[in-house]
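# Structure assessment
In case you want the letters, here they are:
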Amino acid sequence: MAEALPSGPSSRSSVVTVRVPAKVNVQLAVGPLRSDGFHDLANVFLAVGLYDEVTVTPADSLRITCEGPDAEHVPLDATNLAARAAIALAERHGLAPDVHIHIAKDIPVAGGMAGGSADAAGALLACDTLWGTGSTQDELLSICADLGSDVPFSLVGGAALGRGRGEILTPLEVGGTFHWVFAVADGGLSTPAVYRECDRLRGDADVPGAEPSADLLEALRTGDPGALAATLVNDLQPAAVSLRPSLAATLSAGTEGGALAALVSGSGPTCAFLAKDADAASAVAAALTASGTCRAVRVTSGPAEGAHVR
Ligand code: C5P
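Residues numbered from 1 in each chain as written. Predicted model: local features only at pLDDT ≥ 70, side-chain atom pairs only at ≥ 80, totals over all residues. Heavy atoms only, no water.

### A few points about the environment of Arg310
One can find Arg310 in the segment after β12 (308-309). Along the chain, Arg310 and Arg84 lie 226 residues apart, while their C-alpha atoms are 22 Å from each other. At 2.9 Å, the side chain of Arg310 and the side chain of Glu53 are in polar contact. (Helix = DSSP H or I, 4+ residues; strand = E, 2+ residues; numbered from the N terminus. Polar contact = N/O pair within 3.5 Å; in protein donor to acceptor, adjacent residues only side chain to side chain.)

### A look at the confidence of the model for the chain
Low pLDDT means the predicted coordinates in that region are not meant to be read closely. For the chain, the average pLDDT comes to 95, and 96% of its residues sit at 70 or higher. Scored below 50 in pLDDT, residues 1-12 makes 19 contacts in the model with residues more than four places away or belonging to other chains. (pLDDT = per-residue confidence, 0-100. Contact = heavy atoms within 4.5 Å.)

### Some details on the site of the ligand
Every residue lining the ligand is accounted for by Gly37, Phe38, His39, Leu41, Gly148, Ser149, Arg165, Thr191, Pro192 and Tyr195. Measuring from an oxygen atom of the ligand, one finds a backbone N or O atom of Gly37 at 3.4 Å. Taking Arg165, its main chain carries an N or O atom lying 3.0 Å from a nitrogen atom of the ligand. Across the complex, the protein chains shield 74% of the 450 Å² of accessible surface that the ligand would expose by itself. Elements represented by at least two residues in the shell around the ligand include exactly β2 (39-58) and α5 (191-202). Element by element, the count of residues in the shell around the ligand is highest for α5, at 3 residues. Across the shell around the ligand, the residue classes tally to 4 nonpolar, 5 polar and 1 charged. (Near = heavy atom within 4 Å. Areas by Shrake-Rupley, 256 points an atom, 1.4 Å probe, with all protein chains shown as cover. Nonpolar A, V, L, I, M, F, W, Y, C, P; charged D, E, K, R; others polar.)

### Comments concerning the packing of aromatic side chains
The full count for this structure, using the stated rule, is 2 aromatic pairs. Here Phe45 and Phe153 contribute two aromatic rings whose centre-to-centre distance is 4.6 Å and whose plane-to-plane angle is 5 degrees, an arrangement assigned as stacked. Of this pair, Phe45 sits in strand β2 while Phe153 sits in helix α4 (residues 151-156), placing them 108 residues apart in sequence. Pair check on accessibility: Phe45 and Phe153 agree, each one buried. (Phe/Tyr/Trp six-rings, centres within 6.5 Å; stacked < 30°, edge-to-face > 60°. Buried < 20%, exposed > 50% of the residue type's maximum accessible area, 1.4 Å probe, protein only.)

This is the structure we're talking about:
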């Protein structure tokens, strides 16, 4: 049946590669649990310069391959969000999703940096280009939102406030470059498990609605790392640390190494450290490496450009 569907107008063009960044949440305010199982958020995303590259080529059927240090942890079947992105776009245009998706993976897997979401956004833009389906940005964003709460941001990059479950985006102005160090943990954490743990820790407490911090938005706008450090907040951090108590030592090691602030990235277990400048970031990275409290250390900066064809 799928074989009978037509291919897109430019499906014979050979290959498209899209580069797509990781993110850190500089504010992740988590409101009460909704009846649909999600939480309303005030989610301030910042894209940072760790990238996955998604390459698509025409194939006889949908196929995924992956390379990179964590490649063995990436599912290579239709549960992969990148495959689901290709299928969703093909369905919308009455095409067969006959494409080979190759992911060159540099973003930590299940690390709280939206690596899976990045691959979905990357595959979507790559297939749209390969197949010549010419989707508008709004059409792509709507498919992204169906795929996952963080996928729309992976497409647009930069910095943005995410409301709703994180998918309703308002772009944010950023007045400078922020220098970050990321401590990559051994193994990932499941996002739903971290949200469940957050609910468990809150128990019967009244949870206020999630609101963006005016001070944090102002710190982003002025590009002042000291002001941003004073306002960083992640409501999922207690849950991530509860599920992975060793993260407490990682967070302390980075702070002792000179970071302006430390926090868990998204649902973790990657820890993020904001540094005053590039030199301070190198010093924090050295301290984290010497501490032996993480598997790998990455130094980068943000904001970074969203998904783009190379
Ligand atoms: O949207 P996504 O598929 O990334 O969400 C994964 C899971 O994370 C959801 O099934 C839900 O358990 C949790 N989640 C949530 N509230 C959000 C986003 C995600 O509870 N705003």
